[in-house]
Amino acid sequence: MNAAAPAAPSEPHVMQTYGRLPIALSHGQGVWVWDVNGRRYLDALGGIAVNTLGHAHPKLVPALQEQIGKMIHCSNYYHVPLQEALAAKLVELSGLSNAFFCNSGLEANEAAIKIARKFGTDRGNETPEILVFEGAFHGRSLATLSATANPKIHAGFGPLVPGFVRVPLNDIAAVEQALDAHPNITAIFLETIQGEGGVKPARIDFLQQLRAVCDRRDLLLMLDEVQCGIGRTGQWFAHQWAGILPDVMPLAKGLGSGVPVGAVVCGPRAAKVMQPGNHGTTFGGNPLAMRAGVETLRLMEEEGLLANAARVGAELKAGLERELAGVAGVREVRGQGLMLGIELDRPAGALLGRCADAGLMVSVTADRVVRLVPALILSSEEAAQVVSLLVPVIKQFLSETQA
Ligand SMILES: *Cc1c(COP(=O)(O)O)cnc(C)c1O
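An unreviewed UniProt entry lists the protein chain under the name Acetylornithine aminotransferase, with Roseateles subflavus given as the organism. Among the UniProt annotations of the protein chain, the heading Subunit (unreviewed entry) holds the following wording: "Homodimer." According to the UniProt record, the Pathway (unreviewed entry) comment for the protein chain reads "Amino-acid biosynthesis; L-arginine biosynthesis; N(2)-acetyl-L-ornithine from L-glutamate: step 4/4."

Pasting the structure below:
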């Protein structure tokens, strides 16, 4: 920030679990947000792939206001008709069969892990294991951080939850070898596109091979689409580019357009593993969260946001590739739809603040990957603005720092 910038907001009572930028946001409209000092930013982060419809969507806001006036929460002692409405829609869009609702990504993954274990124990396997991958991020509860690959996320929280076997991504021989060595593995669990791992896709042929392996060995294929699902890549779910179906699909981030909601959507092999009494959550599936999910999916269809994500995402990627071509220090521009990463040859955390100074919000993940996961309503003009704000910042950063 320049010298005239106001001091960082102080928050002596909030537990210090985040390294935050010295910015406090006040409100937003579409892909634009304003801080408490009235400064405007182009939001290419979208609350980390959460604000599917952007900020203050003119049709989402009144729908949620109406829902709050009717009922925010009721207990799962009773039927919640909006749960069936959202489950039916997710089943229609995914080709799977049933959904369980929770409140976040890690909860959806926690449910998936429990399903994988019970799928094993139901078959007489008392020590079920799950195959996971290098670069994976699945959340920060004890089980999901144990499934996560990042040692920084493990540090200080041992002993880790046992029962995870890890192999490299996109290496089918390593998968087969691990399955031979660990006959108690009951499920293969991965992000269709790794998000926190640096926007790294599982290859289409690898996903197809995993589907075949799971069929042959009676394993569950569990695809964590918490970040890459809900239209972000231009398909409802990223695995649809590979033409396969998972058995278990955790969702969260974009599903409620900012209202916390998670889901685990299961195909027929996994949908009946959980029986009454096996799993539950107080808040999960409450009417406000369900309404947010129903309206998000409905408005995505009404506004053609899958096609928009594909088209504007391709424009954004092409613009970045064009403007960054031949720039020393830029390794690769990758990703699909509106889930894009620019890999640099050096730690790039400082770009967060530099971009904010330039009026742009992005994230940096896996240390050196600039990640763009904006709202799916991003227009061509706004995508061009992202390019013209971001590229000079990256070039200047690369010219002032060492690899
Ligand atoms: C963000 C994320 C999670 C964790 O979601 P939370 O809502 O933060 O618990 C899990 N998996 C993936 C792929 C994610 O991107």
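We are not done yet, so read on.
Caption draft 1: Seen up close, helix α2 (residues 60-70). The complete set of buried residues in α2 reads Leu60, Ala63, Leu64 and Gln67. Buried positions in α2, seen along its axis, are confined to an arc of 95 degrees and lie on one side of it. What points out from α2, more than 90 degrees from its buried face, is the exposed set Gln65 and Gly69. Taken together, the buried residues of α2 touch α3 (81-94) and α9 (287-302).

Caption draft 2: A look at empty space enclosed by the protein. Taken as a whole, this structure holds one cavity of 30 Å³ or more when the rule is applied. Considered as a void within the structure, the largest cavity measures approximately 40 Å³ in volume. Forming the boundary of the largest cavity are Ala49, Thr52, Val226, Gln227, Gly229, Ile230, Arg232, Lys253, Gly254 and Leu376. Looking at the lining of the largest cavity residue by residue, the classes come out as four nonpolar, four polar and two charged. Residues lining the lining of the largest cavity come from more than one domain, with at least three contributed by each of domain 1 (25-56 + 304-400) and domain 2 (71-302).

Caption draft 3: Quick peek at the sheet that holds strand β3 (residues 40-43). On the basis of which strands lie adjacent, the open sheet formed by four strands has the order β1-β2-β3-β15 and mixed pairing. The open sheet has two free edges, formed respectively by β1 (25-29) and β15 (360-361), since each of these has just one partner strand. Two strands pair when backbone bridges link them, and β1 and strand β2 (residues 32-35) are joined in this way by four bridges, in the antiparallel orientation. Looking at β2, one finds that His27 is bridged to Trp34.

What counts, and at which threshold
Residues numbered from 1 in each chain as written. Predicted model: local features only at pLDDT ≥ 70, side-chain atom pairs only at ≥ 80, totals over all residues. Heavy atoms only, no water. UniProt positions renumbered as here; feature names shortened; annotations may be inferred. Buried < 20%, exposed > 50% of the residue type's maximum accessible area, 1.4 Å probe, protein only. Helix = DSSP H or I, 4+ residues; strand = E, 2+ residues; numbered from the N terminus. Arc of directions from axis to C-beta. Contact = heavy atoms within 4.5 Å. 1 Å grid on protein atoms, 1.4 Å probe; cavity = no way out; pocket = protein on both sides within 12 Å on 5 of 7 lines; lining within 4 Å. Points joined across faces, edges and corners; volume = space filled by probe spheres on them. Nonpolar A, V, L, I, M, F, W, Y, C, P; charged D, E, K, R; others polar. Domains from an automatic or database assignment. Pairing = 2+ DSSP bridges.

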